[in-house]
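These are the residues of each chain, in order.
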Amino acid sequence: MLPLIIPAFVLGSAAAAYIAKGKCKKCQSKLTLNEKCVICENEICGDCGEYTGEISYKNWVIFQGGRCCLDHIDKFEKQINLSKNKIDIADCVILYSKNYKGKIPRHTLNKEIKSDFHKNKDSAEMELKLLASDNGCTSITNVSFIKETKSSDNYKYTVWQCYGKI
Ligand SMILES: [Zn+2]
Ligand SMILES: [Zn+2]
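Each value, and the rule that gives it
- Residues numbered from 1 in each chain as written.
- Chains lettered and ligands numbered in written order.
- Predicted model: local features only at pLDDT ≥ 70, side-chain atom pairs only at ≥ 80, totals over all residues.
- Axes fitted to C-alpha atoms, helices over the stretch in contact; angles between N-to-C directions.
- Helix = DSSP H or I, 4+ residues; strand = E, 2+ residues; numbered from the N terminus.
- Parallel < 35°, antiparallel > 145°, perpendicular 65-115°, else oblique.
- Contact = placed C-beta atoms within 7 Å.
- Nonpolar A, V, L, I, M, F, W, Y, C, P; charged D, E, K, R; others polar.
- Buried ≥ 20, exposed ≤ 12 C-beta atoms within 10 Å, placed from the backbone.
- Expected span 1.5 Å × (residues − 1).
- Arc of directions from axis to C-beta.
- pLDDT = per-residue confidence, 0-100.
- Core = buried A, V, L, I, M, F, W, Y, C linked by C-beta atoms within 7 Å.
- Domains from an automatic or database assignment.

Visitor: I'm lost on the packing of helix H1 (residues 73-91) against helix H2 (residues 121-134) in this one. Help?
Guide: Geometrically, a packed helix pair is captured by the angle between its two axes and the distance between the axes. Two elements in contact, H1 and H2, have axes separated by 8 Å at closest approach and are oriented at 100°. It follows that H1 is roughly perpendicular to H2 by the angle criterion. Within the contact between the two elements, H1 uses Lys86, Ile89, Ala90 and Asp91 and H2 uses Met126, Lys129, Leu130 and Ser133. Here the contact of H1 with H2 is built from residues that sort into four nonpolar, one polar and three charged.

Pasting the structure below:
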């Protein structure tokens, strides 16, 4: 199952609805669909842009799907690779549970960090790892989870938040 919360570096947003009455920036044809290039945000028609569906990597959504103008395909692919690298680096961050009694590495920043709430425990942990690697840290100590029950209408669900120190 894919995490419901997407890391902050996700490109573009298929969900961001907007009303466009414009013309394609490239060929000037009138647009029937609202589509923006995910890189330059210019409106672009289907002939002048390429649509890519959702891309996920190691169970993380790194792209929600969207159009990219032909001039920016290279840039787009570079961004996708950057996102994959970011996840690869975060994946190597070592976690030490708050119950761990052994020797732990020295803290780099002496700072508490926490993830957002996720419906999936692993996603909360992964977000914490991404936060740590963004701060140049290779390990997290005092790792703990908080579990909460939320409800919308009559539907109850569990969410997880992950805490740690870097
Ligand atoms: Zn066009
Ligand atoms: Zn573009």
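Visitor: Could you clarify how one ought to interpret unusual backbone geometry in this entry?
Guide: Note: most peptide bonds trans; most residues except glycine with negative phi. Positive phi is not limited to glycine here, since Gln28 has a value of about 70°. On the secondary structure map, Gln28 appears in the segment before strand S1 (49-52). C-beta crowding within 10 Å serves as the criterion here: with 10 such atoms nearby, Gln28 is assigned to the exposed category. In this structure, Asn59 is a non-glycine residue whose phi angle is positive, near 70°. For Asn59, a count of 13 C-beta atoms within 10 Å puts it in the partly exposed group.

Visitor: Looking at this structure, I do not really get H1. What am I missing?
Guide: Each α-helix turn comprises 3.6 residues. Residues three or four places apart therefore point the same way. Helix length check: H1, at 19 residues, gives a terminal C-alpha distance of 27 Å against a target of 27 Å (1.5 Å per residue), a fit within 8%. Of the residues making up H1, those classed as buried are Phe76, Gln79, Ser83, Ile87 and Ala90. Taken down its axis, H1 places every buried residue within 75° of arc, on the same side. Pointing more than 90 degrees away from the buried face of H1 are the exposed residues Asp74, Glu77, Lys78, Asn81, Asn85 and Asp88. Buried residues along H1 sit against strand S2 (55-57), strand S3 (60-63), strand S4 (66-69) and H2.

Visitor: Hey, could you run me through the confidence of the model for the protein chain in this one?
Guide: For residues with low pLDDT, the predicted coordinates do not support detailed interpretation. Chain-level pLDDT for the protein chain is 85 on average; 87% of the residues reach the 70-or-more range. Contacts for the low-pLDDT stretch residues 8-17, under 50 throughout, to residues beyond four places or in other chains number 18 contacts.

Visitor: Is there a simple way to think about the nonpolar core in this case?
Guide: Among soluble globular proteins, nonpolar side chains are generally buried collectively. With 17 residues, the main nonpolar core has Ala90, Leu128, Ala132 and Ile140 as its most contacted residues. If you list the elements that add at least two residues to this core, you get S3, H1, H2 and strand S7 (139-152). Here this core takes six residues from H2, the largest share from any one element. Residues from two domains meet in this core; each of domain 1 (13-78) and domain 2 (92-165) gives at least three. Apart from residues no more than four positions distant in its own chain, Ala132 is found in contact with Val93, Ile113, Cys137, Ile140 and Ile166. Core analysis: the next-biggest nonpolar cluster, separate from the first, contains nine residues, Ile39, Cys45, Cys48 and Cys69 among them.

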